[in-house]
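# Descriptive structure summary
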Amino acid sequence: MADNCAVSHERYRQILTDDTNLRQDLLEDSIKSRAALDSLRLEANAKLDPKKKGELGQYMTASNIAEFMASLFDVPCEPAKLLDCGAGIGSLTVAATRKLRRVAGVDLWEIDPIMRGYLEANIKSLNIPYVLHGADFIVDAVVNIASHGGTRFTHAILNPPYKKIGSSSEHRLWLRKVGIETVNLYTAFLALTILLMEKDGQVVAIMPRSFCNGPYYKPFRELMLRECSIEHIHVFDSRSKAFKDDEVLQENIILKLIRGKAQSDVVVSWSHDHKLTDYIARTVPFSQVVKPNDEQLFIHIQTEEPSLDADRLFKCELTELDLEVCTGPVVDFRVKEFWLRDPTANSFPLLYPHHFVNGEFVYPREHKKPNALKRHAEVEKWLMPNGFYVIVKRFSAKEERRRVVAYIVDPETTKSDKIGFENHWNVFHFKKKGIDPLIAKGLACFLNSTRLDDHFRVFSGHTQVNATDLRNMEYPSSETLKTLGRSYYSTMTQQQIDQLIEKLI
Ligand SMILES: C[S@@+](CC[C@H](N)C(=O)[O-])C[C@H]1O[C@@H](n2cnc3c(N)ncnc32)[C@H](O)[C@@H]1O
């Protein structure tokens, strides 16, 4: 990695200097205009209504990131037709225009009048033809795409707004008119942008990486991979740094796509934060990004060479191990009338994440949530028979060291004929029943290891762990799990767990 680092760092400096063919005086101009843009950005940011800011996803790009994004464009022979949707004060268009040199025109969408004031002034100073649309990009783009005759673009640069869109919201209804099914404004903007590109059109976007895994973003991944090749993925390691003016806690990536191009190798680059001072890059085969035969089309962002010696850990599908995983079936508010603060002779335990402290089962526990559910047919249909299970928290706190946190459920401690797993868990079971105790222990050991955590972070950039993520991963063989299970106990330290795993590989 050290070699890689030296070469790539140099390359990045080139991107900002030689590659754009800027002479020294122009470079100084660029640095001055960068500083001016950044101060305008902060000025505009201060004027925005904090409530509207969340609603419109108004987190603006710093000018050095904008320049890095623009540097990913290939300079076209013909003047570019540029698109910037959700343009803010125009930092991305300013950087793109500098890189592309000849721009036939730019179309910008910005819904917020405060932003538009700054935007218009910035774009005018570029002396290129432009159309500033003070309208909703989603509506306009859908009308354009549906009409088949609207403007198409050769280049698009975007930092789209981030906001969930409900299944019956106006935006979702509009998007369905052109066959887009997605759950967030940012993937909606990117999907529409893709459909507005000419063949070989280049798209560079900065956005959260939550679309890379999880079932809700699968239709978006399908559209993106059907329509485009992925050329470059840049990942920021530090969550809050890409948008350092705001409290944004999303892992962000920069993506370069080309519409209609056959997929080949992908450049994967990494930097610790927005400063890009420790930029490194490597080229990987596409099969490392989207695994062949992966129906879920997860996007893996592997910034380091995968270690061959870890093969032994990731070799079996869950089904080969006679294991399944589901979300905890008990949605507590649906069975509220059966809640019991304390267990009785006539109740079932209801397990929540707070019932595990430092790996140990602490039950019952004083809490606003119930400890048990009354025996009743309405309740029993959501329960599983007592037995050994491995359960994984679906949501971990941001400050937690590991994303995947697993516990063993031991029938000796739960002491009931049936157990309720609350919806905040993922539950490893087999045919809705418990699993082999040694396999359970080995599985918990594997899931709690640093090796697994590193592996998980390659395809997941957020703190949520979905059953689909766990279903889609590979696991050690049952023999290896049993070997781990013979030595594992639930109060082991991280170092002890990792030593057990390292002995195996
Ligand atoms: C994440 S900010 C990015 C701004 C700018 N591109 C940048 O990188 O600094 C997204 C921008 O999209 C605008 N926006 C949000 N929803 C929009 C919509 N439906 N149509 C057009 N613009 C929208 C917001 O006002 C905001 O300025």
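Residues numbered from 1 in each chain as written. Predicted model: local features only at pLDDT ≥ 70, side-chain atom pairs only at ≥ 80, totals over all residues.

Secondary structure assignment for the protein yields 18 helices and 20 strands. Radius of gyration (C-alpha) of the protein: 26 Å, near the 23 Å computed for a compact globule of 505 residues. Dimensions along the principal axes, computed over C-alpha positions, put the protein at roughly 80 × 50 × 40 Å. Looking at the 505 residues of the protein, the share that counts as buried comes to 42%. Taking all contacts inside the protein whose residues are at least 6 apart in sequence as the whole, residues at least 24 apart take part in 77%. (Helix = DSSP H or I, 4+ residues; strand = E, 2+ residues; numbered from the N terminus. Rg over C-alpha atoms; globule rule 2.2 N^0.38 Å. Buried ≥ 20, exposed ≤ 12 C-beta atoms within 10 Å, placed from the backbone. Contact = placed C-beta atoms within 7 Å.)

Take the sheet that holds strand S5 (residues 197-208) next. Across the sheet, which stays open at both edges, the nine strands sit in the order S3-S2-S1-S4-S5-S7-S6-S8-S9 with mixed pairing between neighbours. Strands at the two margins of the open sheet, each flanked by one partner only, are strand S3 (130-133) and strand S9 (280-284). Looking at each pair of strands side by side, their axes are set apart by 15 degrees on average, direction ignored. Sheet topology places strand S4 (residues 153-158) next to S5; five bridges connect them, and they run parallel. Note that in S5 the partner of leucine 158 across the bridge is alanine 205. (Pairing = 2+ DSSP bridges. Axes fitted to C-alpha atoms, helices over the stretch in contact; angles between N-to-C directions.)

Time to look at helix H10 (residues 218-227). Considered for burial, the residues of H10 that qualify are Phe220, Arg221 and Met224. Down the axis of H10, the smallest arc covering the buried residues is 100 degrees, so these residues share one side. Residues Glu222 and Arg226 are exposed on H10 and point more than 90 degrees away from its buried face. Looking at the buried positions of H10, the neighbouring elements they touch are helix H9 (185-195), strand S6 (228-236) and strand S7 (252-259). (Arc of directions from axis to C-beta.)

With that out of the way, let us pick up the nonpolar core. The biggest cluster of nonpolar side chains holds 87 residues, and the ones touching the most others in it are Met69 and Phe189. In terms of residues, this core owes the most to one element, H9, which gives eight residues. Each residue touching phenylalanine 189, except ones within four places of it in the same chain, is listed here: Cys85, Gly86, Phe137, Leu158 and Pro160. With 47 residues, the next largest nonpolar core counts Val405, Val465, Leu484 and Ile501 among its residues. (Core = buried A, V, L, I, M, F, W, Y, C linked by C-beta atoms within 7 Å.)

Next up on the list: the domain arrangement of the protein. The assigned domain composition of the protein is domain 1 (2-204 + 213-227) and domain 2 (312-504). Computed over C-alpha atoms only, the centres of domain 1 and domain 2 are separated by 42 Å. (Domains from an automatic or database assignment.)

Moving on to the packing of helix H14 (residues 437-447) against helix H17 (residues 478-487). Axis separation between H14 and H17 bottoms out at 7 Å; the angle between their running directions is 85 degrees. On the basis of their axis angle, the class for H14 and H17 is roughly perpendicular. The residues of H17 that touch H14, namely those facing Leu438, Ile439, Lys441, Gly442, Leu443, Cys445 and Phe446, are Ser478, Leu481, Lys482, Thr483, Leu484, Gly485 and Arg486. Counted by class, the contact of H14 with H17 contains seven nonpolar, four polar and three charged residues. (Parallel < 35°, antiparallel > 145°, perpendicular 65-115°, else oblique. Nonpolar A, V, L, I, M, F, W, Y, C, P; charged D, E, K, R; others polar.)

Attention now moves to the site of the ligand. Contacts to the ligand come from 21 residues, most closely from Met60, Thr61, Gly86, Gly88 and Asn159. Every element with two or more residues in the shell around the ligand is listed here: helix H5 (91-100) and helix H7 (137-147). (Near = placed C-beta within 6 Å.)

Of all 11 residues making up H9, 10 are buried, and the element is well covered by its neighbours. Buried within H9 we find Leu185, Tyr186, Thr187, Ala188, Phe189, Leu190, Ala191, Leu192, Thr193 and Ile194.

Let's shift gears to the packing of helix H4 (residues 63-71) against H5. Viewed as axis vectors pointing N to C, H4 and H5 meet at an angle of 45 degrees, and their least axial separation amounts to 8 Å. Of the possible angle classes, the one that applies to H4 and H5 is oblique. Classified by chirality, the crossing of H5 by H4 is right-handed. Side by side, H4 and H5 meet where Ser63, Ala66, Glu67, Met69, Ala70 and Ser71 of the first sit next to Ser91, Leu92, Ala95, Ala96, Arg98 and Lys99 of the second. Looking at the contact of H4 with H5, its residues break down into six nonpolar, three polar and three charged. (Left-handed = near helix turned anticlockwise from the far one by under 90°.)

Here the focus is the sheet that holds strand S19 (residues 418-421). Spatial ordering of the open sheet is given by S11-S15-S12-S19-S16, a layout of five strands whose pairing is mixed. Looking along the sheet, the strands with just one partner apiece sit at the ends: strand S11 (339-340) and strand S16 (384-385). Two strands pair when backbone bridges link them, and strand S12 (residues 347-351) and strand S15 (residues 372-374) are joined in this way by three bridges, in the antiparallel orientation. Bridge pairing links serine 347 to lysine 374 in S15.

Moving on, we come to the environment of threonine 327. Along the polypeptide, threonine 327 turns up in strand S10 (residues 324-327). Given 16 C-beta atoms within 10 Å, threonine 327 falls into the partly exposed group. Taking the C-alpha atoms as reference, threonine 327 lies 27 Å from tyrosine 186; in sequence the two are 141 residues apart. For threonine 327, the contacting residues outside a window of four places in its chain are Asn423, Asn426 and Ala467.

What follows deals with the confidence of the model for the protein. When the pLDDT values of the protein are averaged, the result is 88; 90% of them are 70 or greater. Low pLDDT, under 50, characterises residues 1-27; the stretch is placed with 22 contacts to residues that sit more than four places away or in other chains. Low pLDDT (under 50) marks residues 239-244, which in the prediction has 15 contacts with non-local residues, meaning those over four places away or in another chain. (pLDDT = per-residue confidence, 0-100.)

Further remarks concern unusual backbone geometry. A cis geometry characterises the amide bond from tyrosine 363 onward to proline 364, with omega recorded as -10 degrees. By the element assignment, proline 364 lies in the loop between strand S14 (360-361) and S15. Backbone geometry places asparagine 293, a non-glycine residue, at a positive phi of 70 degrees. Of note, asparagine 293 is situated in the loop between helix H11 (286-289) and S10. Exposure remark for asparagine 293: the 6 C-beta atoms within 10 Å place this residue in the exposed category. Positive phi values are uncommon outside glycine, yet lysine 432 reaches one of about 65 degrees. Secondary-structure assignment places lysine 432 in the loop between strand S20 (425-429) and H14. With 12 C-beta atoms counted inside 10 Å, the residue lysine 432 sits in the exposed group.

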